[in-house]
Amino acid sequence: MKHYTFVDYATQGYVALVGLLILLFHNERVPGVPVLLTLHGLVLVLVHGLIQWHGRQARPGPALDLMRHFYPVLLYTGFYRETGVLNAMFVPSYLDWWFVELEQKLFGFQPSLVFMQWLPYWWAGELFYFAYFSYYLMIVGVGLALFWRNRAAFYHYVSGVSFAFYCCYLTFICLPVTGPRLFFREVDGYRLPAEWLALGAAYPYPEAVVQGVMYRIIALIYELFEPPGAAFPSSHVVVAIVSCWFSWRYLPRIRWLHGVMVGLLCLSTVYCRYHYVVDVLAGIAVAAVVIPLGNWLYARWTTRPERPAAAAAAPATAAAPPRPGYPESPAPAPPLDS
């Protein structure tokens, strides 16, 4: 479609696909179907209108330009929360029992319970909970660095991160796994079998860990924003690796620091008891697929959009330069640092 780039196709495609799934497969386990369908239709219309409005401007103002390219980021939280409403549409209950049994067979114990017991110290808890929190810093930090230094690289970044998120969200809807926190509390009426709950009770959170500031911050974030059933694959791992790829490509000065933080984040997902090891391994595998696939699709579908007819008809000497942020060709921009 006119003025669309890859991230627009990905976002509109995700909204349309999930809306179609709701329309065709909704059942008594999906509440508020009319509202959900209305919201999906509204997002499709508003996003399309924003893209076309921006595309008709010869030189769009900074506010419009910002909104046109930042809008996917504004939708992430809503899409993420929606997965908790839709994840019983295909599977009536969480699949944690299968993951718990798989981890027991693979390791002979539950890493998500034992890891924290190996390091039941305040400093270890603060380190790993901060590493888990660094996920948000990675997304925002890399995005801001690219936005201020090279708009084309930033739009490439938003496209790659958005594509990774949408792949994770679709998986959450189809394969609901809520994570090791099921060992310690009931989630939406679902509980693990008694023997697994007893095992969880045998491995409580160490007192030194729960006194930490970062533990409390992450607990608050989960209480406010985390939908149940969004553990497999770990989107923390997927998106952290994707953001690290962009650091490695465009911001070489921070690549090693970023890489170390991603490694700590992968460990923290298990230490902090938000993910099974299988979730982490799946996240690494998904990142290995979505990075090259997303880059290929970005190169295929992102080109400099056409100027409005009035600008195109102007004499060549008076033609406006390309809009900031659009690559002259589908190829990614070169690294920003030497």
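Our structure's up above, just so we're on the same page.
Residues numbered from 1 in each chain as written. Predicted model: local features only at pLDDT ≥ 70, side-chain atom pairs only at ≥ 80, totals over all residues. Heavy atoms only, no water.

Caption draft 1: How the structure looks around the environment of glutamine 12. Residue placement: glutamine 12 occurs in helix 1 (residues 6-25). The buried category is assigned to glutamine 12, whose relative accessible area is 9%. Spatially, the C-alpha atom of glutamine 12 lies 8.3 Å from that of valine 43, the residues being 31 residues apart in sequence. Those residues in contact with glutamine 12 that lie beyond four places of it in its chain are Tyr4, Val43, Leu44, Val47 and His48. Side chain to side chain, glutamine 12 and tyrosine 4 meet in a polar contact 3.3 Å long. (Helix = DSSP H or I, 4+ residues; strand = E, 2+ residues; numbered from the N terminus. Buried < 20%, exposed > 50% of the residue type's maximum accessible area, 1.4 Å probe, protein only. Contact = heavy atoms within 4.5 Å. Polar contact = N/O pair within 3.5 Å; in protein donor to acceptor, adjacent residues only side chain to side chain.)

Caption draft 2: Representation of the packing of aromatic side chains within the structure. The full count for this structure, using the stated rule, is 40 aromatic pairs. Here the aromatic rings of tryptophan 98 and phenylalanine 99 are separated by 5.3 Å at their centres, their planes lie at 75°, and the arrangement is edge-to-face. With a relative accessible area of 5%, phenylalanine 99 lands in the buried category. Taking the centre distance of 5.3 Å and the plane angle of 80° together, the rings of tyrosine 129 and tyrosine 215 count as edge-to-face. In this pair, tyrosine 129 is assigned in helix 6 (residues 122-149) and tyrosine 215 in helix 10 (residues 213-225), connecting sequence segments 86 residues apart. An aromatic cluster of three or more residues is present, and its members are Tyr14, Tyr76, Phe79, Tyr80, Phe165, Tyr166, Tyr169 and Phe172. (Phe/Tyr/Trp six-rings, centres within 6.5 Å; stacked < 30°, edge-to-face > 60°.)

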